[in-house]
Every structure is written in C-alpha cells, then in structure tokens.
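Breakdown of the fold
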Amino acid sequence: MRYWITTHGPRFVGERGPREGIWVQDGKRPAILPMEQGDLAFIYETQSGRPVKGDDGKVLQRQAGAQGVVALVKVDSEVREDDSGPDEYADGQRIWWRWYASTRTVRPRGFVSRNQLAKIVGYSPDYTFRGFGAFNSGLKEIPKGVFEKISAEFAKSG
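Quick summary incoming for the structure in this document. Just so we're clear, the structure is a prediction, and the values are computed from it rather than from any experiment. (Residues numbered from 1 in each chain as written. Predicted model: local features only at pLDDT ≥ 70, side-chain atom pairs only at ≥ 80, totals over all residues. Heavy atoms only, no water.)

**What to know about the sheet that holds strand E5 (residues 59-60)**
With respect to topology, four strands assemble into an open sheet ordered E5-E4-E8-E9, the strand pairing being antiparallel. Since the sheet does not close on itself, it has two edges, and those belong to E5 and strand E9 (94-95), each with one partner. Here strand E4 (residues 52-53) runs beside strand E8 (residues 87-89); their pairing, made up of two bridges, is antiparallel. Its bridge partner being in E8, Lys53 is matched across the sheet by Glu88. (Pairing = 2+ DSSP bridges. Helix = DSSP H or I, 4+ residues; strand = E, 2+ residues; numbered from the N terminus.)

So, in structure tokens, the structure goes:
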C-alpha cells in the first residue's frame, strides 16, 4: 500500500458532496502511474482556484477553499485515461486532466491546516501547495510515517 497527498481546487459555487477522485494533467502521467487500487490519499483543498467555462459557455465560479486537508480517500480503481478532453478556464487556458483514479471517502470529517501540513511534510510554513508533488502534478507520494502524522492531526479535528 502507498500513501499520497493530492490537491484539489475549491468546489464550484453551489457544489456539494464528497471530495473524491485523483487527477493529473496531460503530460504528467508518470506522477500517477505508481498509484494502485487500495492506496490511501489525503485531499488538500487550495484556498482559491480559477473559474472554468461550463459546457454551456457560462463561467463557473469557485467557493473560497478550505486551505487544508479536507478528506481521506481510498483508491478504488486502476489509473485510467479520461477522454473528455481539456477543461477551458475563464482566462482562455485549456488543461486536460487526462489521468484519473477513482476514490471513495474513508474519513470525510477532519481538517489539517496548510501550516500544519507544511510542518508535517517538512516545508516552509508559508508553502501554498501549488505545483506540489512529482512533475508539479498536484500529487505526491508520502512515507507511511508522514501519512500517520497527518492522519493523527486529521482525526483530532474531526
């Protein structure tokens, strides 16, 4: 079993439900390839995120993000390719979140702040977790001991 941290942008305005799924951009497939069914991952939600154009062309705004770990999930599929094509952002940039592993929520309640998480993983307290992980993918494998420290903090707050 492997352990991971993945970053998610904040939800869109009005969006609810569990935070699930692990995605990496086209060209960053090597970051997600070692992931296997049964692995565990913490989802870190950024403070902000860029608006995206919906299928109807309307811009989908984002809520303010938690800026911390918001969920623990278990990988329940092999890594696969998403063929839906790139997302278009309000600024015109297009990003294809091409590689995906589905997940299910293991622990939906709890929180580890950005500052706490940075300290646990050995980063500067002001680290933003943007461009985090292998290939700046937003996905990073972590050692079991680091996972256990994050897990303990997450459980304390839930």
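Moving on, there is more to tell.
**Things to note about helix H3 (residues 144-157)**
Along an α-helix, residues three or four apart share an orientation, since each turn contains 3.6 residues. Here H3 contains 14 residues, and its C-alpha end-to-end distance of 20 Å stays within 8% of the 20 Å for a straight helix at 1.5 Å per residue. Among the residues of H3, those classed as buried are Val146, Phe147, Ile150, Ser151 and Phe154. Along H3, the residues classed as buried sweep out an arc of 135 degrees about the axis, all on the same side. Facing away from the buried side of H3 by more than 90 degrees, the exposed set consists of Lys149 and Lys156. (Expected span 1.5 Å × (residues − 1). Buried < 20%, exposed > 50% of the residue type's maximum accessible area, 1.4 Å probe, protein only. Arc of directions from axis to C-beta.)

**Structural notes on the pattern of salt bridges**
This structure, assessed with the given rule, holds eight salt bridges. Note that Arg2 and Glu141 form a salt bridge whose closest N and O atoms lie 3.3 Å from each other. Of this pair, Arg2 sits in the segment before strand E1 (3-8) while Glu141 sits in strand E13 (residues 139-142), placing them 139 residues apart in sequence. Residue classification places Arg2 among the partly exposed positions, given a relative accessible area of 32%. (Salt bridge = Lys/Arg side-chain N within 4 Å of Asp/Glu carboxyl O.)

**Here's the deal with the packing of aromatic side chains**
In the structure shown here, the tally under the stated rule is eleven aromatic pairs. The interplanar angle of 35 degrees and the centroid separation of 4.8 Å between the aromatic rings of Tyr44 and Phe129 together place this pair among those described as tilted. Here Phe129 lies in the loop between helix H2 (114-121) and E13 and Tyr44 lies in strand E3 (residues 40-45), a separation of 85 residues in the sequence. According to the relative accessible area criterion, Tyr44 is buried, its value standing at 0%. Residue class for Phe129 comes out buried when judged on its relative accessible area of 1%. (Phe/Tyr/Trp six-rings, centres within 6.5 Å; stacked < 30°, edge-to-face > 60°.)

**Topic: the sheet that holds strand E2 (residues 22-24)**
Taken together, the three strands give an open sheet; going across it, the order is E2-E10-E7, and neighbouring strands pair in antiparallel fashion. What marks the edges here is a single partner per strand, and that holds for E2 and strand E7 (80-81). Relative to strand E10 (residues 99-101), E7 runs antiparallel, the two sharing two bridges. If you follow Arg80 over to E10, its bridge partner there is Tyr100.

**Concerning the pairing of E3**
Burial of E3 is extensive: six of the six residues sit out of reach of the surface. What you see with E3 is no split at all: Leu40, Phe42 and Tyr44 on one side and Ala41, Ile43 and Glu45 on the other are buried throughout.

**Considerations on the nonpolar core**
Membership of the largest hydrophobic core comes to 18 residues, with the highest contact counts inside it found for Ile5, Leu117 and Ile150. Listing elements by their share of this core, those giving two or more residues are E1, E3, strand E6 (68-75), H2 and H3. Counting residues per element, this core draws most heavily on H3, which supplies four residues. Those residues in contact with Ile150 that sit more than four places away from it in its chain are Ile5, Phe42, Val112, Leu117, Ile120, Val121 and Ile142. (Core = buried A, V, L, I, M, F, W, Y, C linked by side-chain atoms within 4.5 Å. Contact = heavy atoms within 4.5 Å.)

**Quick look at the side chain of Arg114**
With respect to the helices and strands, Arg114 occurs in helix H2. Buried within the structure, Arg114 lacks any salt-bridge partner; Asp126 is the closest side chain of opposite charge, at an N-O distance of 5.9 Å. A polar contact is formed between the side chain of Arg114 and the backbone oxygen of Tyr127, at a distance of 3.2 Å. Beyond its immediate stretch of four places on either side in the chain, Arg114 contacts Tyr44, Gln67, Gly68, Pro125, Asp126, Tyr127, Thr128 and Phe129. (Lys, Arg positive; Asp, Glu negative; His and termini not counted. Polar contact = N/O pair within 3.5 Å; in protein donor to acceptor, adjacent residues only side chain to side chain.)

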